Amino acid sequence: MGKEKKRFGDRKDGRLIRELDPMHFITPLLYPNRCDNEAYISVNVDLENINRYVDRLNEQDPEFRYTMFHIIVAAIIKVLTLRPKMNRFIANKNFYQRNEVSASFVVKKRFDDHAEEGLAFIHAKPESTLFTLMDDLKRQITAVKSQGAVDASSDAMDLFNKMPRFFSKFIVWIITRLDVHGWVPKSLIATDPYYSSVVLSNLGSIKLKSGYHHLTNWGTCSLFCIIGEKKMTPVYDEDGNVTMRQTLDLGLTVDERLADGYYYSKSIRLLKHLLQNPELLELPVSEEVQYE
């Protein structure tokens, strides 16, 4: 299927949705700000299957080890692909379907109080799999941690920081006006996490629990995912028997204007199904899977 031709009202990063029902048409007119329309969803993930699957992968390729983070990134990208309303955004009071599925996250160059942070940005394709995404993650993380590696957005922010304060404030004010219409130069936002489909933050890697994280009115990102620290949790079976298993919590913040509760609920069920059956992530992200 060929690429859809751009029409009047479309943006460079998304297609204007013209076939909205009355309720979703009026919602952004009444509630125009993304930060005023956040919904928080907490998801507990049983890591037993993921740990077993990751161990098997790492036996095959010990040079670059798979982790729980890579599985979660791939699972969320597949959900965003198969559940397209999760990959929408609202800008200038209009609904848009994003042109691609992307994921972003911050990379700490060293675990040190004074270490710099870099931004990593993953662009998924319909044929992407866990393995191709892993290759991209490896390349991104290695580049950010390399000495002197600077992403485009960080470089732009550093330029503003060197300007006289009054001038940088004026420039940023202009850019925020451009942001509303999707006119910010691509060079400034090429790796801006708030222009991705989802921002991920692995707080578990720095020994913190999962929790709420706000969205922003800047950019187009409508989904934020916090990954918490692993912990031992009592799990009950159908007969009431309890076992202790390793789990972690995901904190998802979404723009509630994009879909109804049922759509979000079904999307979360798909996410949990993929995490409980990680071998499904070996399939192309666009390939449908059966789940309840």
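Thresholds, definitions, all that
Residues numbered from 1 in each chain as written. Predicted model: local features only at pLDDT ≥ 70, side-chain atom pairs only at ≥ 80, totals over all residues. Heavy atoms only, no water. Patch = residues over 30% accessible without salt bridge, like charges linked within 9 Å, V, L, I, M, F, W, Y side chains within 5 Å. Areas by Shrake-Rupley, 256 points an atom, 1.4 Å probe, with all protein chains shown as cover. Salt bridge = Lys/Arg side-chain N within 4 Å of Asp/Glu carboxyl O. Helix = DSSP H or I, 4+ residues; strand = E, 2+ residues; numbered from the N terminus. Buried < 20%, exposed > 50% of the residue type's maximum accessible area, 1.4 Å probe, protein only. Pairing = 2+ DSSP bridges. Axes fitted to C-alpha atoms, helices over the stretch in contact; angles between N-to-C directions. Phe/Tyr/Trp six-rings, centres within 6.5 Å; stacked < 30°, edge-to-face > 60°. Lys NZ or Arg CZ within 6 Å of the ring centre and 35° of its normal. Contact = heavy atoms within 4.5 Å.

K.L.:
How would you summarise a nonpolar patch on the surface if you had to cite specific residues and measurements?
P.N.:
On the surface, Phe25, Ile26, Leu29, Leu30 and Tyr31 cluster together into a nonpolar patch covering about 510 Å² of accessible area. Tracing the chain through its elements places leucine 29 in helix H1 (residues 22–30). The exposure class of leucine 29 is partly exposed, given its relative accessible area of 38%.

K.L.:
Quick rundown of the sheet that holds strand S1 (residues 14–16)? Include the residues and the values.
P.N.:
Sheet architecture is open: 3 strands sit in the order S1-S4-S3, paired in antiparallel fashion. The open sheet is flanked by S1 and strand S3 (88–91), the only strands paired with a single partner. Across this sheet, the average inter-strand angle for adjacent strands is 40°, counted without regard to direction. For S1 and strand S4 (residues 94–98), the ladder comprises 3 bridges, and the chain directions are antiparallel. Each bridged residue has a counterpart across the sheet, and for arginine 15 the counterpart in S4 is glutamine 97.

K.L.:
Tell me about the pattern of salt bridges, residues and numbers included.
P.N.:
Scanning the model with the defined rule gives 9 salt bridges in all. As a salt-bridge pair, aspartate 46 and arginine 245 come within 2.7 Å of each other at their nearest N and O atoms. In this pair, aspartate 46 is assigned in strand S2 (residues 38–46) and arginine 245 in strand S10 (residues 242–255), connecting sequence segments 199 residues apart. With relative accessibility at 14%, the residue aspartate 46 sits in the buried group. For arginine 245, a relative accessible area of 30% translates into the label partly exposed. Residue glutamate 48 pairs with arginine 245 through a salt bridge whose shortest N-O separation is 3.0 Å. Of this pair, glutamate 48 sits in helix H2 (residues 48–60) while arginine 245 sits in strand S10, placing them 197 residues apart in sequence. Accessibility expressed as a relative area gives 34% for glutamate 48, which makes it partly exposed.

K.L.:
Give me the lowdown on the packing of aromatic side chains, citing residues and values where you can.
P.N.:
On inspection of all chains with the given rule, the structure shows 5 aromatic pairs. Both rings, one in tyrosine 40 and one in tyrosine 212, keep their centres 6.2 Å apart while their planes meet at 75°; by these two values the pair is edge-to-face. Linking tyrosine 40 in strand S2 with tyrosine 212 in the loop between strand S7 (198–202) and strand S8 (223–227), this pair joins segments that are 172 residues apart in sequence. Tyrosine 40 gets classed as partly exposed once you look at its relative accessible area, which sits at 37%. Taking the ring centre of tyrosine 96 as reference, the NZ or CZ of arginine 11 above it sits at 5.4 Å. Directly above the ring of tyrosine 263 sits arginine 83, whose terminal nitrogen or CZ lies 3.8 Å from the centroid.

K.L.:
Pulling in residues and values, what's your account of the environment of lysine 230?
P.N.:
Here lysine 230 is to be found in the loop between S8 and strand S9 (231–236). Residue classification places lysine 230 among the partly exposed residues on the basis of a relative accessible area of 41%. Between the C-alpha atom of lysine 230 and that of serine 210, which follows or precedes it by 20 residues, the distance is 9.7 Å. Not counting residues within four places of it along the chain, the set of residues in contact with lysine 230 comprises Leu47, Met68, Gln246, Thr247 and Leu248.

K.L.:
Outline unusual backbone geometry, supporting the account with residue identities and numerical values.
P.N.:
You will see that lysine 93, though not glycine, has its phi angle at about 70°, which is positive. Following the sequence through the fold, lysine 93 ends up in the loop between S3 and S4. Lysine 93 gets classed as partly exposed once you look at its relative accessible area, which sits at 41%. Positive phi is not limited to glycine here, since lysine 207 has a value of about 65°.

Interpretation note: all reported values are geometric properties and have no functional meaning in isolation.
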